[in-house]
Every structure is written in structure tokens, then in C-alpha cells.
Amino acid sequence: MSDQLRLVVAGSVDDGKSTLVGRLLHDTKSILADQFESTLRASEGRGATEIDLALLTDGLRAEREQGITIDVAYRYFATPARSFVLADTPGHVQYTRNTVTGASTADAAVVLVDVRGGVSVQTRRHAAVLALLRVPHVIFAVNKMDAIDWSEQRFAEVADQIRDVAARVGLVSPAIVPISALTGANVVAPGPDWYAGLPLLTLLEQLPARPDEIDAPFRMPVQLVIRPRTAEHPDYRGLAGRVASGTIAVGDSITAHPSGATSVVSAIDGPTGPLDRASAGQSVTVRLADELDVARGEVLTDDAGIASSRAFDAVLTWLDERPAKARQRVLIKAGTKTTRGLLSAATSTWDVDDLRWREAREDLHLNDIGRVNVQLADPVAVDDYADHRATGAFLVIDPDSGATLAAGLTGADLGQLVH
Amino acid sequence: MTTVTALPTDSALRELEAEAIEIIREVVAEFDRPALLFSGGKDSAVLLHLARKAVWPAPLGITLLHVDTGHNLQEVLDFRDALVADGGHRLVVAEVEQWLADGRLAERPDGTRNPLQTVPLLDTIVEQKFDALLGGARRDEDRARAKERIFSVRDAFGGWDPRRQRPELWNIYNGRHAPGEHTRVFPISNWTELDVWRYIAAEDVALPSIYYAHDRDVFERAGMLLTPGPWGGPKPGEALQRLRVRYRTVGDGSCTGAVLSTATTVDEVIEEISVSRITERGATRADDRLSEAAMEDRKREGYF
């Protein structure tokens, strides 16, 4: 089990997301006196009689003035069990863009649902995007339970709605937790007698993090070839990178893709010295028995399992204000490889409101999710995103401005969605 | 509301290290003229330590850039120069004094020079043709910093617009930019003050002596313990006292205060900040007390 959990919190504008984040920080004692006092002063300045926990996290001028969250913010808290990196994403207009940003690196997601309104359009969108991005654990937190006197019956109704949405987007048996972010009940403190499950924070502390990545086949995109040519290290030649999945050990045979060159691992240098083996998440430098012509952009594997191709099908989440153009020329960055690419027109788009694929009638616009074919100038080694999150993702980049136009998932489809 | 509770475990610390090394390697691989912003403070000392590891056993071919307000403590400058000499690094120093001398900048009425760093920083980036700047900023330092991406593209004015940030997806970093723009990169974004100190302990990273408790002549101003220096003071009514103190951050002497402390070792410092009820910046940085959004306002203008 990892001792750090990367968590994304999503939810609609008024579902109490900032209050929950403030509550987690406050109840894990991650807010120090000066922050608390300045937040209290800011709350009083706005006419409140008690501390407004949302003001702890909404830090930008415009956010405080308008009472909304504009962009993803990152927070840190720790409990005796584990440390947390929390991506606090806005529920507002640019929902897909920001949720994708927060969710792409997340081990777990909490989606807030206001118990009074039940499942909303935003709940469906967030659930769909989190399922699309294959976030390993999705927890629905049914909030504002205090406002309905912790009605067990109402919670059961909303939980049924959530299970229906989860099934349609392909989330298998999601956790559904009743909470009050305002009072803290069942967040850190215990919940009502009728609820048999764990409080939200306890649940988060006990989630297994990233087990798949260690068990998966070995993948390491090469970032740098390190050749010091110094008096001390005249012949050193190492392939530096971060292990994306699996494990590699000294003596293992290895293949570089797309070149297909093979060799045997003769040494692994880690940040604290030589290693016998390295696994997912570690930044290392691998030395090989043979002098292979391997450069940045290649992917090392322990077998020939990764596909190298000049074209692939993909799902794009369009993130730019300017819509996609038919046969648009772009840059594709997959792992450490950047190459020129050409996007087909979208073949189908995903209606996030009723969760169905439809034949594409127009170009992809901001926040649209659509299927395209990507042609590449050079072969690129990629996996299906459904199998390997780390080596199945790519960026679509504007060659002129450098802007990130879209988040890409190779070969991905949306699982058990109704088509 | 008493203490910061848990300490992250060693594996969490090594994960932060692996992430930082990955980010630094992306910069080394993708940029032509990267620089590392080095103030001599603990965050930049850790960043330099990580950068050396990222390319080991090759030498680190990255210029170090220090914007010197002219109000730095001598111990910090001595530490900087010793570290640069020892590592064989190229150091560029942008002296705020020079910009004041030739009229490109004017002193502020309150005497603080911290906000004056922005112009020399931006001028030096253009002059030296730096295309990427590695910095030791952390998201836990400030509400505005919490919004910062790891790769942050800045326009020709160095400006930061939180509404127009690029989405940052997976760990595929996009630092591409148009000519005239540059990219700021923050490899230790996800570290907290405690993570930095735990890493200093684990790796035996050298720091300026002022981070550890020592006897110093200080005077009190606006609740902070300042060292006498060219920034003025003590003024009439501000009495000098000899106290046992240390610094939690280093920066411009006019607005960075010392804290009362008896912590003379790394372990004692970790113990001290573990039970502190005040954040690093809340305790010792006057420039962040100017308004609710002081850091955001400075960052919008190109401050680091």
C-alpha cells in the first residue's frame, strides 16, 4: 500500500465542495492558527458570524468576490495513516476541463451530491468523466444530511439514483457515504446509528492505492540518455526515466519501442544508490549490457507487449475554446515522445447528459468528448488506456501556440455504457 | 486546532522525490536554456540537490539565477557562494541595487524590496535568453500558490493569469511556448514545509546557518523579529535585544523575520515545526500580510 493518496474532489457549484475540503483540512488539523484567524476575519468581513470554511480554499480575488472556485487548487493534509494530495476542482462552467485536470493523476475521487436535490446533471458528468479516465476508486458523498435531519429514507432514494448512474457509466459498486460537511458528521466524526459504513476520511485512509500498476507489465518511457563523459565516469551510459508500471530487475531482458532493440539490464541507479529492482513510481536510470541506440521518446518494456503504430483510435476530451478543425494538424505528446499528428473529424460524440454515444454532427467544442482517429508522422509506442493508464494517455498540442488542446485516451471506449 | 498531526512516511517522501526528479528531467530534456532560481533558502537548496540527482553522474548543466535584493543576510550569501563554488555551477546574480542605481526601479515608501525583484528577474530572463526557470515554490505556501500548475507558461511580461492556465494532465508536462514567453517549473509543488525538512534530514542537505537557533541582535517591528541592516532599523522606540532565534524562511531582510527557537539540529527543527501553530509565511513574512491576495497580486506581475 502506498502511503500517499492522490484525491480529487468533484461536485456541483452548491453541493458544498469547498466546505468539505475545508472540513477535511480543519479536522485533520492541517490548518494552522494564522490561516484560521485570517479566514475567520475574512468571514466576519463578509458578515458571517462563524468561520466560512470555503474561504480557506477559495484564494483568488475573483473567487472570493464571486463566491466561486475558478481553477483547480491543490491541498495537503495528513493523518497518522497516510498523507493526501487533494485536487480541489471547480464545479462551475469549465467542468470537464477542470475535472479532467484534477482526475488524471488521482487514485481516488469523491463526488459530492446534495441530498436535497439528488443526482444532478453535474453528478452524471462527473461520474462519466471519472469512469472515462479510469480513476481507480470513486466515492459518492451524499452531503447536507443535516438539512434533512439525517433521513435514512431520503438517503436510500438518492443512493438508488447514484447506483443507477454509476452502472450506466461503468463504475462498479461505488461507495456511497452520507455526510454533513457543515457539521463534520460522518466526515471525520462518526455518523448516525443507522449507517453501518465507515466515515468518509476513514474510508479514504483504508483505500488500497495503485495496486494494478505494480502488478502490470513493465513500462518505462525514456526521458534522458545520461552520458557524463567525465574522468570519473568515462563510459557511463544510462537511460533515465520514471517507471510507469510494473517492475524491472537487474538481469531482466528488455526491449525498447518502437525501435525494437533488445538487451539485458546490467544495473539500475536510483536516487539513493544502486538498486536490484525498480517498480512503478520510481525515478531511476537503467544501464544495459549492450550499447543500444535508444533515445528519449522510446518506451522500455520487459516483453514485446506494447503496440507501436502510426495511427490509432482514441477518445478526446476537447479542452480549448477554439473548436477542433477537420483534418487538424497537431502535435501529439505520448509519454516522452512528441510527434506531428493529424486528427480525423470526430466520428461520434458522447452526450454526457443522457450518457449515450451519438453520431458526430459537428466538430468537437470545448468540453466535448468524442472519438477520432489519429495519424502520426512517426510511430509511437502506446497501450490501450483501458489497460495502462500511464502509457495510454496523450496530449494534443497546438503546434503554433503550444496550448494543450485535448486530453487523449488511446483506443479507449467507455466500457459498459449504453450505446 | 493544536498541532499538525502525522508525519508522512518515508515512502511518501521518496514518491515526492521521484516526482520531482521526473519533472527536472523533463526540463533538462526539453528546454535549450533552463535556469534554476536559487536564493540560498531551504527550498532552493533541496531543489538543487534534486537536480543534481536527476542527472547523476553527469554534471548539472543548468545556470543558477539569484535575484539579490541587496537586503540579504550575509550568512545566506556566503552559503550560496560556497555551494556554487563546490558544485562548479554557473551563477548569474541580478542585483536589485543596479536597477535602483540606473533608475529602472525606485525604492518603495515602506522600504521593502521584495516586490522589486520582479523587474530584475524578468529583465534577466530576457537578457540571458532563459526559456525555462526551475523554482522551489510549493503549493502549501499560499492560497494563490495552491492554484499554480507544475509547468506554468508565462507571457512576455512574465504574467500569471489563473483563469488561462493550461490544463495539466497525467504526468505529461507541456512546456511549449511561443518566442518571448518562458515556462516556470515547480518540481516540489506537492511538498509541504515538513516534507522539505524531512528530506533535508534524510539526505543531509546543507543549509545556511540561520535556519538553526543562534544568538542574534534583533528588534521587534509589527510583531516580527528583524535583524538590523541596510533596510533600516532599529528606529527610535525599537529596542535591540539579543535573543535565541532561527529563520523559517530566508528572503529580503526588511520583511523576513526570525522566530524564537532553541532548535539547533534538523531533528529539533522538525519537532518544532511539527507542533507550531503558525504557518511558515504567517510567522515570518510581512509581504504576505499586505492584503488577502498579496501573493496573487505579485504573481500576476511576474513574481516567482
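Not measured: the values here are computed from a predicted model. Numbers given for residues are sequential positions, taken from 1 along each chain in its written order. All chains are assigned letters beginning at A, and all ligands numbers beginning at 1, according to the order in which they are written. In view of the model being predicted, local features appear only for residues whose pLDDT reaches at least 70, and side-chain atom pairs are presented and counted only at 80 or more, with totals across whole chains, interfaces and linings using the full set of residues. Working from all heavy atoms in the structure, the side-chain values ignore hydrogens and water.

### Here we look at the overall build of chain A
Definition in use: A run of H or I in DSSP counts as a helix once it spans at least four residues, and a run of E counts as a strand once it spans at least two, with each numbered from the N terminus. Each residue is assigned to one of three classes by its accessible area relative to the maximum for its type, calculated with a 1.4 Å probe on protein chains only: buried under 20%, partly exposed between the two thresholds, exposed over 50%. The contact criterion used throughout is that any non-hydrogen atoms of two residues lie within 4.5 Å. All accessible areas in this document rest on Shrake-Rupley with a 1.4 Å probe, and a residue is counted as covered only by the protein chains that are shown.
Within chain A, the regular secondary structure consists of nine helices and 24 strands. The burial tally for chain A puts 59% of its 419 residues in the buried class. The contacts in chain A between residues at least 6 apart in sequence include a share of 71% that link residues at least 24 apart. Total accessible area on chain A stands at roughly 16,100 Å², and carbon and sulfur atoms take up 47% of it.

### Some words on the domain arrangement of chain A
Residues and elements named next belong to chain A. Rule in force here: Note that the domain bounds reflect an automated or database-derived domain assignment. As a working definition, buried area equals the accessible area (1.4 Å probe) given up by two parts on being put together, with both sides summed. For salt bridges, the criterion is a side-chain nitrogen of Lys or Arg within 4 Å of an Asp or Glu carboxyl oxygen. Think of a polar contact as two N or O atoms within 3.5 Å of one another; within protein, one of them needs to be a possible hydrogen donor and the other a possible acceptor, and neighboring residues in sequence only count if both atoms come from side chains. Lys, Arg, Asp and Glu make up the charged group, whereas Ala, Val, Leu, Ile, Met, Phe, Trp, Tyr, Cys and Pro make up the nonpolar group; the residues left over, Gly among them, are polar.
Structurally, chain A comprises domain 1 (4–210), domain 2 (214–301) and domain 3 (307–410). For domain 2 versus domain 3, the separation of C-alpha centres amounts to 29 Å. Contact with domain 2, which involves 14 residues of that partner, is made by eleven residues of domain 3. Between domain 2 and domain 3, a total of about 900 Å² is buried, with carbon and sulfur atoms accounting for 63% of that surface. For D383, the salt bridge identified is with R219, shortest N-O distance 2.8 Å. The interface formed by domain 2 and domain 3 contains three residue pairs in polar contact (both at pLDDT 80 or more). For the side of domain 2 that touches domain 3, a count of residues per class yields seven nonpolar, four polar and three charged.

### Points about the domain arrangement of chain B
Residue and element names in this part refer to chain B. You can read the domains of chain B as domain 1 (11–196 + 294–301) and domain 2 (209–289). Taken residue by residue, the interface counts 24 residues in domain 1 and 24 residues in domain 2. For the pair domain 1 and domain 2, the two sides together bury roughly 1,800 Å², of which 50% comes from carbon and sulfur. Per-residue buried area on domain 1 facing domain 2 is highest for H71, L73 and E193; these three make up 31% of the total on that side. Counting the contacts that link domain 1 with domain 2 gives two salt bridges. For R216, the salt bridge identified is with E75, shortest N-O distance 2.7 Å.

### Quick notes on the pairing of strand β20 (residues 348–351) of chain A
All names here are of chain A. Where we set the bar: Strand pairing follows a simple DSSP-based rule, namely that at least 2 bridges must link the two strands.
Because side chains alternate across β20, one face comprises the buried residues S348 and W350, and the other comprises T349 and D351, none of which is buried. Alignment of β20 against strand β21 (residues 356–359), held across four bridges, turns out to be antiparallel. Across the sheet, W350 pairs through a bridge with W357, a residue of β21. Taking the residues that link successive antiparallel strands as the turn, the β20-β21 hairpin has four residues, and the phi of L355 there is positive, at about 60 degrees.

### A short note on the packing of helix α6 (residues 193–203) of chain B against helix α7 (residues 266–274) of chain B
Angle between the axes and distance between the axes are the two parameters that describe a pair of packed helices. Residue and element names in this part refer to chain B. The cut-off we apply is this: As a rule, the C-alpha atoms of each element are fitted with a line to give its axis, helices using only the stretch in contact, and angles between N-to-C directions run from 0 to 180 degrees. Here the word oblique covers every angle except those under 35 degrees (roughly parallel), over 145 (roughly antiparallel) and from 65 to 115 (roughly perpendicular). Each crossing gets its hand from how the near helix is turned against the far one by less than a right angle, where anticlockwise is left-handed and clockwise is right-handed.
Closest axis-to-axis distance for the α6/α7 pair is 9 Å, and the angle between their directions is 165 degrees. With respect to α7, the axis of α6 lies roughly antiparallel. Read as a crossing pair, α6 and α7 show a hand that is left-handed. Contacts from E193, L194, W197, R198, I200 and A201 of α6 reach α7 at V266, D267, V269, I270, I273 and S274. The residue inventory of the contact of α6 with α7, partitioned by class, reads eight nonpolar, one polar and three charged.

### Quick word on helix α1 (residues 10–30) of chain B
Heads up, the condition is: By definition here, a helix of n residues has an expected span of 1.5 Å times n minus one.
Given a rise of 1.5 Å per residue, 21 residues ought to cover 30 Å, and the 30 Å separating the end C-alpha atoms of α1(B) matches this to within 8%. In terms of residue burial, α1(B) counts as a mostly covered element, since 15 of its 21 residues are buried.

### Overview of the environment of A:A78
Along the chain, A:A78 turns up in strand β2 (residues 73–78). A C-alpha to C-alpha distance of 9.8 Å links A:A78 and A:L24, two positions 54 residues apart in sequence.

### Topic: the packing of aromatic side chains
Formally: Planes of paired rings set the category: under 30 degrees apart is stacked, over 60 is edge-to-face and the rest tilted, where pairs are Phe, Tyr or Trp rings (Trp by its six-membered ring) whose centres lie within 6.5 Å. Lysine and arginine charges are scored as sitting over a ring when NZ or CZ, respectively, is within 6 Å of the ring centre and within 35 degrees of the ring normal.
In total, this model carries 13 aromatic pairs over all chains according to the counting rule given. For the pair A:W194 and A:Y195, a centre-to-centre distance of 6.4 Å together with 85 degrees between the ring planes defines the contact as edge-to-face. Here A:W194 falls in the partly exposed class, since its relative accessible area comes to 25%. What links up through ring pairs into an aromatic cluster is the set A:F155, A:W194 and A:Y195. Looking at A:R371, its charged tip hangs above the ring of A:W357, at a distance of 4.0 Å from the centre. Taking the ring centre of A:Y74 as reference, the NZ or CZ of B:R139 above it sits at 3.8 Å.

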